[in-house]
Amino acid sequence: MTGTHPLRSKRRRSALRTVAFMSPWLIGFTVFLVYPLLSTLYFSFTRYDGFRQPSFNGLDNWSYVFTDYPLFWPAMRNTLWLVLVMVTCRVAFGLGIGLLITKIKTGAGIFRTLFYLPYLAPPVAATLAFVFLLNPGTGPVNTLLDAVGLPTPGWFTDADWSKPALTALALWGVGDLMVIFMAALLDVPKEQYEAAELDGAGAWARFRHITLPNISPIIMFAVVTGVIQAMQYYAQPLVAGKVAAGVIGGSGQQFEPGYPDKSTLTLPQLVYNLGFQRFDYGTACVVALVLFALSMAFTALLMRRRGGLIGAGE
């Protein structure tokens, strides 16, 4: 029995030492994640405007968001569209550009730089440039399309084309994924390609059975981070809607996000509009919690279905 007490004391000291080393992370995790999350959950059940003390109102905020708030479901549909379409296109396009550049023998550095530079443009500046380029009346894109006899969409002024235009903007700045995929592709063992060629495997067979299995963790990383970014998509659709609507001034101008016809409205825009423009923090917290739940659900689904993400490649 005398030997167990020193052993217990040693384990306790070891545990305290471990906690001491982890304390910076524990403090940051508590202050910047646990406390805000619990506060958001609490305020979602209250009536709170940021000035008076919050008062408990039960499920009124939740009922209002899901049944009476007219902007919630359009924003939900737009956000899910961006997650499913924009993220898929970005991953596929980034992988395609990465594959193309790794096959180029001469001038690969120049092409790599040209494709990466748009990613460095600030989001607001890039969106402004795209809105003017895609202006249906004076933009060079529609001028070129009209010159060759192709249809000229309304882009950011047309509810049917606004989300494809945002997707085109996202593809223009796909340089981050291109670099990540290039690093992964260059790390695939060349011996596997050589063995497959000796066995008579074609380009598609090599891509399916060698490339995809080797870079599947990178594809998973790109998809998960892309989903999280799409869930936080705020600046680009807001700026595009404001400029297309002609609301480019500063203070004093009221603007309801989502132009045209709620097609660029996203859930993060609702959080800002409800919380910081309408001072309805309780309802804003409900939308924020919905965003958090969707992000966790998508991430959990992707992590669980990792094998199905790339098909039967392995």
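Calculation criteria
Residues numbered from 1 in each chain as written. Predicted model: local features only at pLDDT ≥ 70, side-chain atom pairs only at ≥ 80, totals over all residues. Heavy atoms only, no water. Helix = DSSP H or I, 4+ residues; strand = E, 2+ residues; numbered from the N terminus. Rg over C-alpha atoms; globule rule 2.2 N^0.38 Å. Buried < 20%, exposed > 50% of the residue type's maximum accessible area, 1.4 Å probe, protein only. Contact = heavy atoms within 4.5 Å. Areas by Shrake-Rupley, 256 points an atom, 1.4 Å probe, with all protein chains shown as cover. Salt bridge = Lys/Arg side-chain N within 4 Å of Asp/Glu carboxyl O. Axes fitted to C-alpha atoms, helices over the stretch in contact; angles between N-to-C directions. Parallel < 35°, antiparallel > 145°, perpendicular 65-115°, else oblique. Left-handed = near helix turned anticlockwise from the far one by under 90°. Nonpolar A, V, L, I, M, F, W, Y, C, P; charged D, E, K, R; others polar. Phe/Tyr/Trp six-rings, centres within 6.5 Å; stacked < 30°, edge-to-face > 60°. Lys NZ or Arg CZ within 6 Å of the ring centre and 35° of its normal.

Undergrad: Describe in detail the overall build of the protein, supporting the description with residues and values.
TA: In terms of helices and strands, the protein carries 14 helices and two strands. Computed over the C-alpha atoms, the radius of gyration of the protein is 25 Å, more than 25% above the 20 Å expected from 2.2 N^0.38 for a compact globule of 314 residues. For the C-alpha atoms alone, the extent of the protein along its principal axes is close to 80 × 65 × 30 Å. With 314 residues in all, the protein has 38% of them scored as buried. Contacts in the protein between residues far apart in sequence, at least 24 positions, make up 68% of those at least 6 positions apart. Just so you have it, the protein exposes about 18,400 Å², and 66% of that area is on carbon and sulfur atoms.

Undergrad: Any details on the environment of alanine 170? Residues and values, ideally.
TA: Looking at where alanine 170 falls in the secondary structure, it is placed in helix α7 (residues 162-172). Its relative accessible area of 11% is what places alanine 170 among the buried residues. Separated by 23 residues in the primary sequence, alanine 170 and alanine 147 have C-alpha atoms spaced 26 Å apart. For alanine 170, the contacting residues outside a window of four places in its chain are Met86 and Arg90.

Undergrad: Summarise the pattern of salt bridges; cite the residues concerned and give the values.
TA: Close approach of charged atoms allows side chains of opposite charge to pair. Counted by the stated rule, this structure contains two salt bridges. A salt bridge links arginine 90 to aspartate 176; the nearest nitrogen and oxygen atoms lie 3.1 Å apart. Of this pair, arginine 90 sits in helix α3 (residues 72-103) while aspartate 176 sits in helix α8 (residues 175-186); the two residues are 86 residues apart in sequence, bridging distant segments of the chain. Accessibility classification places arginine 90 together with aspartate 176 in one group, the buried group.

Undergrad: Go over the packing of helix α5 (residues 123-133) against helix α11 (residues 235-244), please, and point to the residues and values.
TA: Two quantities define a packed helix pair, namely the angle between the helix axes and the distance between the axes. α11 packs onto α5 with a crossing angle of 40° between their chain directions and a minimal axis gap of 9 Å. Taken together, the axes of α5 and α11 lie oblique to each other. Of the two possible hands of crossing, α5 and α11 adopt the one that is right-handed. From α5, Pro123, Val124, Thr127, Leu128, Val131 and Phe132 reach across to α11, where they touch Gln236, Val239, Ala240, Val243 and Ala244. The residue inventory of the contact of α5 with α11, partitioned by class, reads nine nonpolar, two polar and no charged.

Undergrad: Tell me about the packing of aromatic side chains, and name the residues and values.
TA: The final tally for this structure, using the stated rule, is 18 aromatic pairs. When the ring of tyrosine 42 is compared with that of phenylalanine 43, the centres are 5.3 Å apart and the planes differ by 55°; the resulting orientation is tilted. Connected via pairs of aromatic rings, a cluster forms that spans Tyr42, Phe43, Tyr48, Tyr234, Tyr272, Phe276 and Tyr281. Note that lysine 103 overlies the ring of tyrosine 193, its terminal NZ or CZ placed 5.8 Å from the centroid. The residue whose ring lies beneath lysine 163 is tryptophan 81, and the NZ or CZ to ring-centre distance is 5.8 Å.

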